[in-house]
Protein chains: 2
Amino acid sequence: MTDFAWTREQFHIPLGLIYLDGNSLGPLPKSTPARLERMLSEEWGEHLIGGWNTCGWMEMPKRLGDRLGRLIGAAPGHTVVGDTLSIKVFQALAAALQLRPERRVILSDRGNFPSDLYMAEGLIRLLGDRHELRLVAPHELEDAITEEVAALLVTEVDYRTGRRHDVAALTAKAHEMGALAIWDLAHSAGAVPVDVTAGKADFAVGCTYKYINAGPGAPAFIYVAPEHAEEADPALAGWLGHASPFAFEQGYRPGEGIERMRVGTPPVLQMAALDAALDIWDKVDMAKLRRRSLDLTALMIDEVETHCPGLRLATPRDGTARGSQVSFRSEHGYAIMQALIDLGVVGDFRAPDILRFGITPLYIGEAEIHEAVEVLARILRGALWDQPKYQRRKRVT
Amino acid sequence: MTDFAWTREQFHIPLGLIYLDGNSLGPLPKSTPARLERMLSEEWGEHLIGGWNTCGWMEMPKRLGDRLGRLIGAAPGHTVVGDTLSIKVFQALAAALQLRPERRVILSDRGNFPSDLYMAEGLIRLLGDRHELRLVAPHELEDAITEEVAALLVTEVDYRTGRRHDVAALTAKAHEMGALAIWDLAHSAGAVPVDVTAGKADFAVGCTYKYINAGPGAPAFIYVAPEHAEEADPALAGWLGHASPFAFEQGYRPGEGIERMRVGTPPVLQMAALDAALDIWDKVDMAKLRRRSLDLTALMIDEVETHCPGLRLATPRDGTARGSQVSFRSEHGYAIMQALIDLGVVGDFRAPDILRFGITPLYIGEAEIHEAVEVLARILRGALWDQPKYQRRKRVT
């Protein structure tokens with residue numbers, strides 16, 4: 001049973017700030033600094049090299065993978081943590097193409113996060129430009145799944161609009177056509193209930209610095225379906241994915257199942273922060289979180305539509321078709337977001353015209369939404385966004 | 001000017017421990033916990049998503065790359081930090097093969113660290129098995145550099161024996177034959193003076209958790225020579241290597257120079273620990289460090305050869321031909337090392353018969369070496385290694 005008053009107490013939110021950007025970088029769990037202090041002073045400081053065994057560092061990628069696994073419907077032993085999401089996308093794509101050697105198409109949609117598409121492009125160049133990255137509009141994706149497709153690369157929740165694909169239906173179609181499905185769960189893990197097992201995902205990848213709250217640069221995760229686990233070639237075949245890393249054999253032998261998706265030395269400090277963040281998630285019921293997220297996103301939509309004429313909803317009105325964010329369009333989007341941030345309401349802007357707000361029930365409730373919309377309405381009424389200081393583009397938006 | 005009494009004061013070494021394994025995982029700098037506490041509570045906690053700009057997180061991979069660059073002779077702007085060493089080996093190899101498209105051989109030696117060879121194997125599989133990974137004995141490497149070779153992949157200092165290649169001479173031969181040279185500096189950065197510029201390395205990679213002391217899972221680095229910087233294809237083409245990451249363009253355009261070797265979101269917590277470790281390195285004169293390392297490794301060799309009959313030196317006696325570690329061979333190596341660790345002298349064992357000792361002048365001096373050899377001699381005299389408890393192999397050695 002999830003008590004959202006309790007979860008809110010677990011985070012440090014700066015006084016007076018309304019933080020609607022947890023879909024970009026989650027806030028600091030209050031327990032994280034002490035966990036890192038222990039990791040540094042007691043584990044690294046006292047155990048030094050021995051920490052790999054005695055403090056369990058070497059096992060963390062699988063142990064944390066299993067804890068994350070619960071949030072995405074993966075059975076223990078099929079998820080591992082490490083590297084970045086882009087690297088894990090590359091591994092999943094390379095393995096999928098190897099499992100479908102006679103096919104030449106990677107299919108994705110133009111709403112996908114660009115890095116997923118860049119990694120696919122890079123892989124295709126490496127493979128000698130014999131494959132095609134085929135992009136269609138998000139609503140055309142299902143029809144575009146044909147027998148030419150080796151791998152469907154689909155991000156469940158659109159990073160700009162919050163539009164949610166029915167990944168289970170897309171995957172069923174993919175399998176019908178003999179293709180494999182890779183789910184990118186960057187905006188799903190910790191945001192919506194995910195079931196890679198029931199939905200029959202072949203591969204799933206995601207990051208932990210957004211809804212999971214594991215901190216800037218937190219590691220990614222990868223899930224490989226049991227039926228592919230012993231067949232998939234990890235492509236990035238590092239020593240910690242070897243069947244016997246510490247035998248220092250000259251030739252590569254892939255580790256058992258998911259172990260082979262490990263590459264190099266895992267980021268122990270970042271994993272300690274993930275460990276601390278997962279202590280909160282262990283107590284969260286995803287069905288309850290989803291109900292609350294739907295209520296809060298619906299409230300945000302109602303309030304903005306009532307008090308902020310001029311903003312156009314970019315997120316599906318149908319709850320089942322959205323993740324845990326709400327986005328609006330405005331030609332003045334960039335300047336409006338700068339004014340909002342200046343007044344203590346943090347969302348973010350995505351080119352060309354999207355204002356997006358992460359609605360994260362662990363630490364956001366009705367009061368924050370009412371206050372955020374009040375500030376937004378004030379900015380729009382007073383045309384505060386038209387001040388010169390909000391018109392300058394920052395280098396990184 | 002380096003004062004090694006001062007540098008020793010900068011590290012936390014557990015009371016009574018003689019730590020000769022800094023070539024595997026460096027000890028905790030005393031300033032690191034406070035740096036991480038600031039990173040967590042002041043930066044992430046207070047700035048949240050704004051930290052990427054206001055706290056300079058986005059620039060850290062290049063800023064830290066430049067600070068590391070000084071230790072390897074790289075001009076500013078040509079080194080970047082991130083991912084793991086295995087990933088960076090893959091990027092360097094892929095770029096080298098792309099720059100020598102008509103050649104089919106990756107040349108390395110059987111003394112190289114296995115993960116480098118595994119990554120090469122994985123890349124070759126991806127590229128359709130049209131390339132060959134050719135391995136020779138370390139002393140045969142120079143003669144094996146022929147016009148067939150696309151890339152020479154050479155680790156300067158052997159992880160088991162401490163034998164040091166003359167990488168500048170090997171690189172000169174490689175260039176004469178039209179090949180490119182990739183230097184793996186895992187056991188060189190912070191151990192011996194390195195000059196990628198004078199030595200004309202085409203690519204150089206390394207890690208920061210050994211001699212650099214940046215902590216377990218610390219990020220890797222990659223250097224690309226200026227003449228290749230605008231030509232090299234990063235292969236792992238992630239969004240943060242894009243020319244304009246925050247424009248979220250659909251197609252990949254490589255970033256300027258070294259920027260393109262960035263892949264995904266960088267590990268900010270691990271980078272903060274690297275930042276703290278580099279505060280010490282900023283005050284170290286590498287020529288002085290090398291002189292002291294040579295004196296200390298020579299002392300270790302003398303003392304062991306005097307007091308520990310039965311151990312056979314595996315490290316070159318000629319100082320110019322070794323790094324900053326000393327290794328000995330014994331058929332009882334594993335058990336002897338377990339006994340040593342039990343008695344507070346930490347080195348490590350590498351199969352099949354190597355006892356290796358990292359001699360790191362920042363925090364190791366004559367007294368530690370005398371004491372370590374005394375303990376070692378006692379173990380050998382009393383045949384303490386023959387006790388049953390030292391005969392069991394741990395899972396991770």
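- As recorded by an unreviewed UniProt entry, chain A carries the name Kynureninase and is attributed to Salipiger bermudensis.
- Quoted straight from UniProt, the Subunit (unreviewed entry) entry for chain A says "Homodimer."
- Turning to chain A, the UniProt record has this under Function (unreviewed entry): "Catalyzes the cleavage of L-kynurenine (L-Kyn) and L-3-hydroxykynurenine (L-3OHKyn) into anthranilic acid (AA) and 3-hydroxyanthranilic acid (3-OHAA), respectively."

## Focus on the pattern of salt bridges
Residue and element names in this part refer to chain A.
Part 1 of the reasoning: Under the definition given, this model contains 54 salt bridges over all chains.
Part 2 of the reasoning: For Arg292, the salt bridge goes to Glu366, with nearest N and O atoms at 3.1 Å. In this pair, Arg292 sits in helix 11 (residues 286-307) while Glu366 sits in helix 13 (residues 366-381), placing the two residues 74 residues apart along the sequence.
Part 3 of the reasoning: Judged by its relative accessible area of 36%, Glu366 is partly exposed.
Part 4 of the reasoning: Between Glu305 and Arg317 there is a salt bridge, with its nearest N and O atoms 2.7 Å apart. Of this pair, Glu305 sits in helix 11 while Arg317 sits in the loop between strand 11 (312-313) and strand 12 (325-329); the two residues are twelve residues apart in sequence, bridging distant segments of the chain.
Part 5 of the reasoning: Taking relative accessible area as the criterion, Glu305 reaches 37% and is therefore assigned partly exposed.
Part 6 of the reasoning: Judged by its relative accessible area of 55%, Arg317 falls in the exposed class.
Part 7 of the reasoning: Here the salt bridges do not stand alone but share partners, grouping Arg35, Glu43, Arg63, Arg67, Asp275, Asp279 and Asp282 into one network.

## Side note on the interface of chain A and chain B
Part 1 of the reasoning: Of the residues lining the interface, 80 residues belong to chain A; the matching set on chain B comes to 80 residues.
Part 2 of the reasoning: Regarding the contact of chain A and chain B, the summed buried area is about 7,000 Å², with carbon and sulfur atoms giving 67% of it.
Part 3 of the reasoning: Together, Trp44, Tyr118 and Gln250 of chain A form the three largest contributors to the area buried by chain A at its contact with chain B, with a combined 11%.
Part 4 of the reasoning: If you look at where chain A meets chain B, you find two salt bridges.
Part 5 of the reasoning: Note that Asp233 of chain A is salt-bridged to Arg125 of chain B, the shortest N-O span being 2.6 Å.
Part 6 of the reasoning: The interface formed by chain A and chain B contains 27 residue pairs in polar contact (both at pLDDT 80 or more).
Part 7 of the reasoning: Going through the elements one at a time, strand 3 (28-29), helix 2 (32-47), helix 3 (51-54), helix 5 (85-99), helix 6 (114-126) and helix 10 (268-281) of chain A are the ones with two or more residues in the side of chain A that touches chain B.
Part 8 of the reasoning: Along the lines of polarity and charge, the residues of the side of chain A that touches chain B split into 46 nonpolar, 22 polar and twelve charged.

## Comments concerning the sheet that holds strand 9 (residues 203-207) of chain B
Residues and elements named next belong to chain B.
Part 1 of the reasoning: Pairing in this open sheet of seven strands is mixed, and the strands run 4-10-9-8-7-5-6 from one edge to the other. Two strands in the sheet have a free side with no partner beyond their single neighbour: strand 4 (79-82) and strand 6 (132-136). In this sheet, adjacent strand axes meet at a mean angle of 20° when their direction is disregarded.
Part 2 of the reasoning: Sitting on the sheet, helix 4 (residues 60-72) touches strand 4 and strand 10 (220-224), and the angle it makes with strand 4 is about 120°.
Part 3 of the reasoning: Here helix 6 (residues 114-126) sits on the sheet and contacts strand 5 (105-109), strand 6, strand 7 (149-155) and strand 8 (180-184); the angle it forms with strand 6, its principal contact strand, is near 155°.

## Quick notes on the relation of the copies chain A and chain B
Part 1 of the reasoning: Rotating chain A by 180° about the axis while translating it 0.0 Å along that axis superimposes it on chain B, leaving an RMSD of 0.0 Å. Taken together, the turn and the small shift mark the pair as related by a two-fold rotation axis. Closest to the rotation axis within chain A is the C-alpha of Leu127 of chain A, separated from it by 2.7 Å.
Part 2 of the reasoning: When the interface residues of chain A are mapped onto chain B, 100% of them again lie at the interface, so the same face is used by both copies.

## Topic: the UniProt feature "modified residue: N6-(pyridoxal phosphate)lysine" (unreviewed entry) in chain A
Residues and elements named next belong to chain A.
Part 1 of the reasoning: As recorded in UniProt, the sites labelled "modified residue: N6-(pyridoxal phosphate)lysine" (unreviewed entry) are Lys210.
Part 2 of the reasoning: Structurally, Lys210 can be placed in the loop between strand 9 (203-207) and strand 10 (220-224).
Part 3 of the reasoning: Ignoring sequence-local partners within four residues, the contact set of Lys210 consists of Gly22, Asn23, Ser24, Leu25, Gly26, Ala186 and His187.

## Some details on the packing of helix 5 of chain A against helix 6 of chain A
Residue and element names in this part refer to chain A.
Part 1 of the reasoning: Direction vectors running N to C along helix 5 and helix 6 enclose 50°, while the axes themselves pass 9 Å from each other. Between helix 5 and helix 6, the crossing angle belongs to the class labelled oblique. Helix 5 and helix 6 meet at a crossing whose hand is right-handed. The segment helix 5 lies against helix 6, with Ser86, Ile87, Val89, Phe90, Leu93, Ala94 and Leu97 engaging Ser115, Asp116, Met119, Ala120, Leu123 and Leu126.
Part 2 of the reasoning: A per-class count over the contact of helix 5 with helix 6 returns ten nonpolar, two polar and one charged.

## Regarding helix 10 of chain A
Part 1 of the reasoning: In a regular helix each residue adds 1.5 Å, so 14 residues correspond to 20 Å; helix 10 of chain A covers 20 Å between its end C-alpha atoms and thus fits that length.
Part 2 of the reasoning: Summarising burial for helix 10 of chain A: 13 of the 14 residues are buried, a large majority.

## Here's the deal with the UniProt feature "binding site: pyridoxal 5'-phosphate" (unreviewed entry) in chain A
Residue and element names in this part refer to chain A.
Part 1 of the reasoning: Listed under "binding site: pyridoxal 5'-phosphate" (unreviewed entry) in the UniProt record, and renumbered for this structure, are Leu85, Ser86, Phe113, Pro114, Ser115, Asp116, Thr155, Asp184, His187, Tyr209, Trp239 and Thr265. A maximum C-alpha distance of 30.3 Å shows the annotated residues, which cover 181 residues in sequence, to be distributed over more than one spot.
Part 2 of the reasoning: Take Asp116: it is sitting in helix 6.
Part 3 of the reasoning: Beyond its immediate stretch of four places on either side in the chain, Asp116 contacts Val89, Leu153, Thr155 and Asp184.

## Here's the deal with the sheet that holds strand 14 (residues 348-350) of chain A
Residues and elements named next belong to chain A.
Part 1 of the reasoning: Read from one edge to the other, the open sheet built from four strands follows the order 11-12-15-14, with strand pairing classed as antiparallel. Each edge of the open sheet is held by one strand with a lone partner, namely strand 11 and strand 14.
Part 2 of the reasoning: Here strand 11 pairs with strand 12 via two bridges, running antiparallel. From the neighbouring strand, Leu313 faces strand 12, where its bridge partner is Phe328.
Part 3 of the reasoning: Packed onto the sheet, helix 12 (residues 333-342) meets strand 14 and strand 15 (354-358) and runs at close to 40° relative to strand 15.

## Some thoughts on a negative patch on the surface
Part 1 of the reasoning: A contiguous patch of negative charge on the surface is contributed by Glu37, Glu42 and Glu46 of chain A together with Glu37, Glu42 and Glu46 of chain B.
Part 2 of the reasoning: At the level of elements, helix 2 of chain A together with helix 2 (32-47) of chain B are the ones that each hand at least two residues to the negative patch.
Part 3 of the reasoning: For Glu46 of chain A, the position within the fold is in helix 2.
Part 4 of the reasoning: Its relative accessible area of 39% is what places Glu46 of chain A among the partly exposed residues.

## So, the packing of aromatic side chains
Part 1 of the reasoning: Considering all chains together, one arrives at 25 aromatic pairs over all chains under this definition.
Part 2 of the reasoning: Grouped by ring-pair contacts, the aromatic residues Phe113 and Tyr159 of chain A together with Trp239, Phe246 and Phe248 of chain B constitute a single cluster.

## What about the packing of helix 10 of chain A against helix 10 (residues 268-281) of chain B?
Part 1 of the reasoning: Across the interface, helix 10 of chain A lies against helix 10 of chain B with an axial gap of 7 Å and an inter-helix angle of 135°. Here helix 10 of chain A is positioned oblique relative to helix 10 of chain B, judged by the angle of their axes. Relative to helix 10 of chain B, the crossing made by helix 10 of chain A is right-handed. Residues Val268, Leu269, Gln270 and Ala273 of chain A of helix 10 of chain A touch helix 10 of chain B, and the partners they reach there are Val268, Leu269, Gln270 and Ala273 of chain B.
Part 2 of the reasoning: Here the contact of helix 10 of chain A with helix 10 of chain B is built from residues that sort into six nonpolar, two polar and no charged.

## Focus: the environment of Arg130 of chain B
Part 1 of the reasoning: Tracing the backbone shows Arg130 of chain B in the loop between helix 6 and strand 6.
Part 2 of the reasoning: Note: C-alpha distance between Arg130 of chain B and His307 of chain B (177 residues apart in sequence) is 53 Å.

Rules of the game
- Residues numbered from 1 in each chain as written.
- Chains lettered and ligands numbered in written order.
- Predicted model: local features only at pLDDT ≥ 70, side-chain atom pairs only at ≥ 80, totals over all residues.
- Heavy atoms only, no water.
- UniProt positions renumbered as here; feature names shortened; annotations may be inferred.
- Salt bridge = Lys/Arg side-chain N within 4 Å of Asp/Glu carboxyl O.
- Helix = DSSP H or I, 4+ residues; strand = E, 2+ residues; numbered from the N terminus.
- Buried < 20%, exposed > 50% of the residue type's maximum accessible area, 1.4 Å probe, protein only.
- Contact = heavy atoms within 4.5 Å.
- Buried area = accessible area lost by both parts, 1.4 Å probe.
- Polar contact = N/O pair within 3.5 Å; in protein donor to acceptor, adjacent residues only side chain to side chain.
- Nonpolar A, V, L, I, M, F, W, Y, C, P; charged D, E, K, R; others polar.
- Pairing = 2+ DSSP bridges.
- Axes fitted to C-alpha atoms, helices over the stretch in contact; angles between N-to-C directions.
- Least-squares fit on C-alpha atoms with pLDDT ≥ 70 in both.
- Parallel < 35°, antiparallel > 145°, perpendicular 65-115°, else oblique.
- Left-handed = near helix turned anticlockwise from the far one by under 90°.
- Expected span 1.5 Å × (residues − 1).
- Patch = residues over 30% accessible without salt bridge, like charges linked within 9 Å, V, L, I, M, F, W, Y side chains within 5 Å.
- Areas by Shrake-Rupley, 256 points an atom, 1.4 Å probe, with all protein chains shown as cover.
- Lys, Arg positive; Asp, Glu negative; His and termini not counted.
- Charge placed at Lys NZ, Arg CZ, Asp CG, Glu CD.
- Phe/Tyr/Trp six-rings, centres within 6.5 Å; stacked < 30°, edge-to-face > 60°.

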